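One letter stands for each residue in the lines below.
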Amino acid sequence: MYKFTKFFGMKKAILAAVVVALTSMSTSSAQCPLFAPPVNYPLGDSAAYTLSADFDGINGPDLAVGNFGDDNVSILLNNGDGAFSPAVNYVVGDRPQGISSADFDNDGDTDLAVANFGSFSVSILFNHGNGTFAAALNIPVGDAPYHVVSADFDVDGNIDLAVTNNHDFNVSVLLNNGDGTFGEPVNYVVAGRPQTHCSADFDNDGDFDLAVPLENLASVDILMNIGNGTFAPPVNYGVGGAGDFKVAFPANFDNDGDIDLAVSSSASNTVLILLNNGDGTFAAAVPYAAGSFPFSVFAADFDNDGFFDLAIPNLNVDNVSILLNNGDGTFAGPVNYGAGNAPVFAFAADFDADDDLDLAVGNILSDNVSILMNLKNDDADGDCILDPVDNCPLVFNPDQEDLDQNGTGDSCCCVGIRGNANNDGAVNPNILDLNYLVNYIFRGGPLPGCPKEGNANSSTEIPEKANILDLNFIVNYIFRNGPLPGVC
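How each quantity is defined
Residues numbered from 1 in each chain as written. Predicted model: local features only at pLDDT ≥ 70, side-chain atom pairs only at ≥ 80, totals over all residues. Heavy atoms only, no water. Helix = DSSP H or I, 4+ residues; strand = E, 2+ residues; numbered from the N terminus. Buried < 20%, exposed > 50% of the residue type's maximum accessible area, 1.4 Å probe, protein only. Areas by Shrake-Rupley, 256 points an atom, 1.4 Å probe, with all protein chains shown as cover. Lys, Arg positive; Asp, Glu negative; His and termini not counted. Charge placed at Lys NZ, Arg CZ, Asp CG, Glu CD. Pairing = 2+ DSSP bridges. Axes fitted to C-alpha atoms, helices over the stretch in contact; angles between N-to-C directions. Salt bridge = Lys/Arg side-chain N within 4 Å of Asp/Glu carboxyl O. Disulfide = S-S within 2.5 Å. Patch = residues over 30% accessible without salt bridge, like charges linked within 9 Å, V, L, I, M, F, W, Y side chains within 5 Å. Core = buried A, V, L, I, M, F, W, Y, C linked by side-chain atoms within 4.5 Å. Contact = heavy atoms within 4.5 Å. pLDDT = per-residue confidence, 0-100.

Things to note about the overall build of the protein
Logical step 1: Looking only at helices and strands, the protein has five helices and 28 strands in total.
Logical step 2: With 488 residues in all, the protein has 55% of them scored as buried.
Logical step 3: With the model as given, the accessible surface of the protein reaches about 18200 Å², and the carbon-plus-sulfur share is 54%.
Logical step 4: Charged side chains in the protein number 13 positive and 64 negative. The centres of these two groups are separated by 15 Å.

Things to note about unusual backbone geometry
Logical step 1: Its identity as a non-glycine residue notwithstanding, Arg 95 has a phi of 55°, on the positive side.
Logical step 2: Structurally, the position occupied by Arg 95 is in the loop between β5 (88-91) and β6 (96-102).
Logical step 3: According to the relative accessible area criterion, Arg 95 is partly exposed, its value standing at 23%.
Logical step 4: Located in the positive-phi region is Gln 400, a residue other than glycine, with phi close to 55°.
Logical step 5: Within the fold, Gln 400 resides in the loop between β28 (368-372) and α2 (410-413).

Here we look at the sheet that holds strand β20 (residues 270-274)
Logical step 1: One open sheet holds the four strands; their spatial order is β18-β19-β20-β21, and the pairing between them is antiparallel. Edge positions in the sheet fall to β18 (246-251) and β21 (286-289), since each of these pairs with one other strand and no more. Adjacent strand axes in the sheet meet at a mean angle of 25° when their direction is disregarded.
Logical step 2: Where β20 meets β21, four bridges bridge the pair, whose relative direction is antiparallel. Paired with Ile 273 across the bridge in β21 is Val 286.

A closer look at the pattern of salt bridges
Logical step 1: Across all of its chains, the model carries two salt bridges by this definition.
Logical step 2: Residues Asp 94 and Arg 95 are paired through a salt bridge, measuring 3.8 Å at the closest nitrogen-oxygen approach.
Logical step 3: With a closest N to O distance of 2.6 Å, Asp 244 and Lys 246 form a salt bridge.
Logical step 4: Here Asp 244 falls in the buried class, since its relative accessible area comes to 1%.
Logical step 5: Exposure remark for Lys 246: the relative accessible area of 1% places this residue in the buried category.

Some words on the state of the cysteines
Covalent bonding between the sulfur atoms of two cysteines is what defines a disulfide.
Logical step 1: Per the stated rule, a full pass over the model turns up one disulfide.
Logical step 2: Across the disulfide, Cys 32 is cross-linked to Cys 384 (sulfur-sulfur distance 2.1 Å). Around the S-S axis, the bridge from Cys 32 to Cys 384 shows a dihedral of about -105° and counts as left-handed. One end of the pair, Cys 32, is in the loop between α1 (10-23) and β1 (39-42); the other, Cys 384, is in the loop between β28 and α2, with 352 residues separating them in the sequence.
Logical step 3: With relative accessibility at 25%, the residue Cys 32 sits in the partly exposed group.
Logical step 4: Residue Cys 384 is classed as buried on the basis of its relative accessible area of 1%.

Quick notes on the pairing of β18
Where a strand is regular, its side chains alternate between the two sheet faces.
Logical step 1: Counting buried residues along β18, six of its six residues qualify, which places the element largely inside the surrounding structure.
Logical step 2: Residues Lys 246, Ala 248 and Pro 250 line one face of β18 and the alternating positions Val 247, Phe 249 and Ala 251 line the opposite face, and both faces are buried.
Logical step 3: As paired strands, β18 and strand β19 (residues 260-265) are joined by six bridges and run antiparallel to one another. Looking at the pairing, Pro 250 lines up with Leu 261 of β19.

Focus on the environment of Asp 71
Logical step 1: Along the chain, Asp 71 turns up in the loop between β3 (62-67) and β4 (72-76).
Logical step 2: Sequence separation of Asp 71 and Gln 97 is 26 residues, and the distance between their C-alpha atoms is 9.4 Å.

Observations regarding a nonpolar patch on the surface
Logical step 1: Among the surface-exposed residues, Ile 431, Leu 432 and Phe 479 lie close enough to one another that they form a single nonpolar patch of about 300 Å² accessible area.
Logical step 2: Inspection of the secondary structure puts Ile 431 in helix α3 (residues 431-443).
Logical step 3: Judged by relative accessible area, which is 39%, Ile 431 ranks as partly exposed.

Details of the nonpolar core
Logical step 1: Counting residues in each nonpolar core, the largest one holds 59 residues, and the members touching the most others are Leu 51, Leu 112, Phe 302, Leu 310, Ile 322 and Leu 359.
Logical step 2: Looking at this core, the element that brings in the most residues is strand β26 (residues 343-349), giving five residues.
Logical step 3: Excluding residues within four positions of it along the chain, Leu 51 makes contact with Asp 62, Leu 63, Ala 64, Ile 99, Ser 100, Ser 101, Leu 112 and Phe 347.

Let's talk about the pairing of β19
Logical step 1: Burial runs high along β19: six of the six residues are buried.
Logical step 2: Burial along β19 is two-sided: Asp 260, Ala 262 and Ser 264 and Leu 261, Val 263 and Ser 265, pointing in opposite directions, are all buried.
Logical step 3: Between β19 and β20, which pair antiparallel in sequence order, lie four residues; one of them, Asn 269, sits at a positive phi of approximately 55°.

Notes on the confidence of the model for the protein
Should the pLDDT be low somewhere, the predicted coordinates at that spot are not to be read in detail.
Logical step 1: Residues at a pLDDT of 70 or more form 90% of the protein, whose mean pLDDT is 89.
Logical step 2: This model gives residues 1-30 a pLDDT under 50, and the stretch forms 72 contacts once residues within four places in sequence are excluded.

This is the structure in structure tokens:
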């Protein structure tokens, strides 16, 4: 079988799977992992380009993955918790490559456009509204369609298409007639073999431009939209090397209000950042190390700090590199997370509805898609102990200390102040706490709910249980205006 060599209840189970690894980490020497180990879903032959959108209108973002060797696209519907139903396959053209999603026919649901590398066409799959799709309608374009993006290029309210034709050295722009049919392609010449391109408003004039990386040249072409869906001649910027695979992705990396560009370069094992000067021109590319053979790049805010980070699938080492943004458009070193065999494309979405962005990664040699759940919002105190098994989820306590073995971490027992022995939430110890301590010390009454609650004098003996010294301390505070017991 052709392996694309030319070109390239789930959440609970995941949390349980990583608990041992997380609890054994030294938080002083390592950051908490952002992602859980991958959960894999079988697809077709040479699963590659991966995309997420809400196809059925329920349960959050679903998946579409092109199977390059099977000439079809797999649709996996989200069950609502980040687990997915088995793939349903839809026939497209020969060797499907890039995929784009949008509401092409203006009926309120999300359709698909698929670039067919081996059949000179783009397949349009119209959504029935429930996540199932009509048979593909094939539209002729150029030779070896490599990728397709969708945007309203002529600003008429309808979503158009731009397709890179790898063997023709051009980009076909197809304007939408308003009903999901498209006009004849208009071709724009670029300097080399175009690859996985992207669209964004680079010059801040209100329309969508194009960034087209070139396979046989160490460069990316920028085509500015004139405003009516036609494009100016390309302006060329140096990136990567000749003969490598490149993917362009737009985002505002330096938080200055304009759209920058990230381009992966398989030959140099880097991702290159081109910061926008504010007018659609770009500063010289700055490289950042990734893994071996970084096939593509996807930008999203993975650590919830308001800045776009990078996810880079590394084909040769079966992992994804995460590069966190320092907040100014520069990036920290890569942290790697396992995927399947030969990961090629990643897409980020909140699959489990917990307000952080997870990853889906298409693996071309293992014929599956890996789902990596983001753990950022599953560890509220950042101690590398996931909330479902953390005995004190809002207080940093990586050692999980629980001296009285009541199931609640000692760090969490205090309601706010030492001496509040009866755990009633009072702001200061009072006569009721004094009675509680007398009962405990002299009459065998119950231990304070947490040893530290009754440890009014903040002594450090182990175990930290109330004793006669704490009773004296409370008497001194209540009746003689002595010092307030220390805050927990």
